[in-house]
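Structural characterization, general
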Amino acid sequence: MKTANASSPPLFRRCAVLGAGTMGSRIAAHLANAGVPVLLLDIVPEGADAGSRDRVATQAVQSLLKGKPAAFFDATNANLITPGNFEDDLPHLTTCDWIIEAVTEDLEIKQALLTRIAPYLGPASIVTTNTSGLPVASIAAKMPSEFRRRWFGTHFFNPPRYMRLLEIIQTPEADPQAVAAIASFADRRLGKAIVYARDTPNFIANRIGVFAMLTAIELMQQLDLTIEEVDALTGSAIGWPRTGTFRLADMVGIDVLAHVAKNFSRIKSEDAAAAKLPDFLEVMLERKWLGDKTGQGFYKKLPDAPDPRNNRLALDWKTLEYRPAQRPKFPALEMAKNAETLPERLRLLIAPGPGKDKGSLFQWTLLTRIWNYAADCWPEIADDLASIDRAMRAGFNWELGPFEMWDAVGVPESCEKLKSRGEHVSQQAWDLLASGKTSWYSKDAEFDLATHSYQTVPVPEGIASVAAIKRANGVIRSNAGASLVDIGEGIACIELHSKKNAIGDDIVSLVTQVLHSDSGPVRNFRGFVITGDASDFSVGANLMQLLLAMQEGEWDEVDLAVRAFQRMTSAIKFCPRPVVVAPFHLCLGGGVEISLHGAARQPHAELYMGLVETGVGLIPAGGGTKEMVLHAVEAAAQSSGICPENDPRRFAFSAEYQEALKKRFETIAMARVSTSAAEARRLDLLQASDKITVNRDRLLLDARETAVYLAESGYAPPAQPMKVPVPGEQVGATLKLGVHLMRQAEFISDYDVIIAHHLIRVMCGGNLTPGSMVTEQYFLDLEREAFLSLCGERRTQERIAFTLKTGKPLRN
């Protein structure tokens with residue numbers, strides 16, 4: 001039975017994690033990310049003296065600080081974790097509101113630990129297990145009934161900071177209010193996508209995901225494919241992570257995969273047979289070839305490889321010897337690259353059946369087996385099919401869940417093809433078709449097994465997507481790059497939806513028209529949000545458009561494009577209504593410039609944000625450099641106590657202004673990118689007042705709430721024109737000395753020096769006398785001048801071309 005989330009997250013004053021292994025320690029880290037003090041306990045090592053009894057937990061915290069990907073939003077969050085041990089520190093559990101058991105996957109060990117902690121629990125303490133597949137009820141079967149009322153499963157996925165799924169496994173005795181409290185906290189404070197699973201082996205995501213991985217291995221052997229070929233066929237082509245099957249297994253740990261696979265032995269006999277590990281995998285387990293944690297698994301990394309882009313050996317599963325990894329090519333994959341969307345790509349790859357090559361046969365067989373297996377399992381593992389799809393999207397990072405993929409290809413067509421080939425079709429699929437339905441979903445409703453009708457998919461309060469609102473409300477205006485959508489409460493959303501949300505003419509035009517006009521949308525709404533549903537907020541300006549114009553020598557066109565971009569960001573900043581920018585995941589270059597000009601920002605916690613233009617031989621010219629100068633002026637005015645307008649010359653020579661400018665110069669010149677929203681604050685790309693949303697699904701409505709708050713608080717845009725003092729050439733000389741020293745140390749190239757000098761000239765105000773008062777437009781003109789000058793450089797064009805081809809910067 002599902003439990004509704006509370007309207008606001010409950011207060012968890014302190015938590016505890018029992019078990020400081022990889023999973024337990026990272027759960028503790030993410031609780032610390034939520035600002036909650038955490039007690040992390042583990043065993044006392046043999047022979048430990050008085051000063052080293054907490055060594056296991058202490059070393060786990062130290063490993064967290066060094067680990068990649070980073071476990072903490074901010075390294076200072078580690079201070080919220082208190083290491084301890086199971087012998088000395090159990091009395092401290094009395095003060096813990098939520099205790100998570102995360103010790104080794106052994107039923108007897110878990111049961112013994114629960115018996116030990118029971119006397120030390122507070123009267124309202126909630127205890128959950130992070131077991132990845134053991135029956136949750138059986139772990140606490142020997143405990144008193146009062147304990148069992150506060151006991152259920154909370155299955156995190158590794159790494160907990162990044163993997164959004166939290167499976168909640170309720171037992172018949174679990175208190176619904178305790179379940180609701182954890183679900184609400186995990187949703188709002190930990191950013192989790194909550195899925196309620198039944199207490200069956202491997203729950204939902206691992207049940208489907210590990211079946212998929214083992215089926216891929218089986219088909220690899222049958223069709224005589226290589227490790228690399230299977231990874232190519234099970235990667236981004238079908239909407240799965242680029243890691244594919246085997247690279248993912250190396251990351252998760254082959255021992256973990258084997259452990260979860262063995263849980264299938266407790267399911268139906270056909271599941272157990274399908275999950276039998278192949279002989280070569282058993283040998284890998286014996287040899288401790290467990291993946292990344294042991295340095296080798298299905299792949300082996302070469303740390304000293306001359307080409308860092310080709311530094312892996314791949315395992316030959318037949319001989320168990322490593323050889324250079326090959327880049328596989330399949331005709332169907334090459335053809336599918338032309339598809340704009342995943343549904344189109346799937347239809348090209350396998351609809352209405354397998355093609356002639358082994359790759360197409362592999363994908364058809366793999367996917368149809370997964371879809372039918374998910375349908376077969378559905379009544380056993382989940383209340384509804386939407387929970388299964390959500391679990392696979394959030395737990396395995398699939399772009400579409402199994403039922404969504406099946407709909408994309410066509411349920412009637414694929415079932416008939418399977419039937420004609422004598423292959424299995426789930427009874428659930430036949431029931432769907434017999435009811436007269438042809439798809440698992442219809443708009444925002446899902447097929448219900450009990451009634452054989454469509455039922456609305458429940459959505460928790462506060463969660464919404466632009467796509468769902470567009471289906472309900474339609475679109476006010478739109479072009480290929482952006483749309484204007486009414487999202488309620490008097491707020492409109494400017495949705496970015498170009499390819500990778502690269503900012504080109506379409507986005508610039510729509511944003512400017514909507515926000516700059518004195519009539520129309522500006523008068524019809526009391527605020528705006530700029531965001532979208534894509535995987536990234538924006539990768540920055542459309543470099544392909546820019547490069548083509550540069551190669552054709554269309555300098556007037558480039559100049560007009562930069563001016564238009566500057567007008568767009570000015571329209572955002574000076575719009576009479578508040579514009580809240582809600583960036584998420586990748587927010588680079590021009591995306592940052594859009595964000596910097598908002599009245600406020602409502603970022604997602606996972607934010608990789610940076611002004612990276614120097615990496616492609618340019619500087620920020622959409623107002624980004626100008627805004628960083630203005631931030632420096634504001635910060636220096638606060639720290640120095642000098643009013644820049646009343647005493648501009650003294651302010652220009654102040655140490656505080658020089659230091660503030662230096663910090664922001666380094667952020668731009670070194671193309672620094674944050675690893676979280678918390679770090680983006682330290683880089684001055686976000687303000688201290690900007691609220692951070694941890695759950696990506698809540699970002700849109702959180703941003704709307706901020707826009708409503710600003711509107712109701714009597715928002716007024718910044719006064720125009722703002723004048724600030726320039727620091728002048730003396731500060732510029734200091735910055736140039738720092739650049740020179742970096743070149744001498746060979747941290748940067750000769751061309752980096754040239755780019756840095758252009759940036760220094762802009763930030764220091766050109767050749768003006770220190771303290772001269774200038775407007776924002778003056779800085780915009782300097783930005784545009786520097787940008788155009790760099791566009792004419794061959795090495796800038798080489799950098800742009802290289803980045804477009806490889807996705808990486810070139811330091812020429």
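Heads up: the structure comes first, above all this text.
One structure accompanies this document, and this report is about it. (Residues numbered from 1 in each chain as written. Predicted model: local features only at pLDDT ≥ 70, side-chain atom pairs only at ≥ 80, totals over all residues. Heavy atoms only, no water.)

Considerations on the sheet that holds strand E14 (residues 453-456)
Spatially, E12-E13-E14 is the arrangement adopted by the three strands of the open sheet, whose pairing is antiparallel. Pairing within the sheet leaves two strands with one partner each, and these edge strands are strand E12 (441-442) and E14. (Pairing = 2+ DSSP bridges. Helix = DSSP H or I, 4+ residues; strand = E, 2+ residues; numbered from the N terminus.)

A word on the sheet that holds strand E11 (residues 321-324)
Overall, antiparallel pairing links the three strands, which are arranged E9-E10-E11 in an open sheet. Since the sheet does not close on itself, it has two edges, and those belong to strand E9 (299-301) and E11, each with one partner. If you compare each strand with its neighbour and ignore which way they point, the axes differ by 35° on average. Alignment of strand E10 (residues 312-316) against E11, held across four bridges, turns out to be antiparallel. Bridge pairing in E11 links alanine 314 to arginine 323. (Axes fitted to C-alpha atoms, helices over the stretch in contact; angles between N-to-C directions.)

A few points about the pattern of salt bridges
Going through the model one piece at a time under the given rule, you end up with 43 salt bridges. Ionic pairing is found between arginine 53 and glutamate 87, a salt bridge with its closest N-O pair at 3.0 Å. Pair noted here: arginine 53 is in the loop between strand E2 (38-42) and helix H2 (55-66) and glutamate 87 is in the loop between strand E3 (81-85) and strand E4 (98-101), with a separation of 34 residues, a long-range link. With its nearest N and O atoms 2.6 Å apart, the salt bridge here joins arginine 698 to aspartate 187. Residue arginine 698 is found in the loop between helix H29 (677-682) and helix H30 (699-712), and its partner aspartate 187 is found in helix H6 (residues 176-188); the two are separated by 511 residues along the sequence. Because the salt bridges share partners, they merge into one network encompassing Asp559, Arg563, Asp781 and Arg784. (Salt bridge = Lys/Arg side-chain N within 4 Å of Asp/Glu carboxyl O.)

Observations concerning the nonpolar core
Core analysis: the biggest nonpolar cluster contains 119 residues, and Leu93, Phe298 and Trp440 have the highest contact counts within it. Filtering out sequence-adjacent residues up to four positions away, leucine 93 remains in contact with Ala16, Leu18, Leu39, Leu41, Ile99, Ile117, Tyr120, Gly122 and Ser125. (Core = buried A, V, L, I, M, F, W, Y, C linked by side-chain atoms within 4.5 Å. Buried < 20%, exposed > 50% of the residue type's maximum accessible area, 1.4 Å probe, protein only. Contact = heavy atoms within 4.5 Å.)

Topic: the environment of alanine 178
By secondary structure assignment, the location of alanine 178 is in helix H6. For alanine 178, a relative accessible area of 8% gives the class buried.

Describing the packing of helix H21 (residues 505-516) against helix H24 (residues 555-574)
Any two packed helices are characterised by how steeply their axes cross, that is the angle between the axes, and by the distance between the axes. At a minimum axis distance of 9 Å, the contact between H21 and H24 shows a crossing angle of 40°. For the pair H21 and H24, the sense of crossing is left-handed. Here H21 contributes Ile507, Val508, Val511, Thr512, Leu515 and His516 to the contact with H24, which in turn contributes Ala564, Phe565, Arg567, Met568, Ala571 and Ile572. When the residues that make up the contact of H21 with H24 are grouped by side-chain class, the tally is nine nonpolar, two polar and one charged. (Left-handed = near helix turned anticlockwise from the far one by under 90°. Nonpolar A, V, L, I, M, F, W, Y, C, P; charged D, E, K, R; others polar.)

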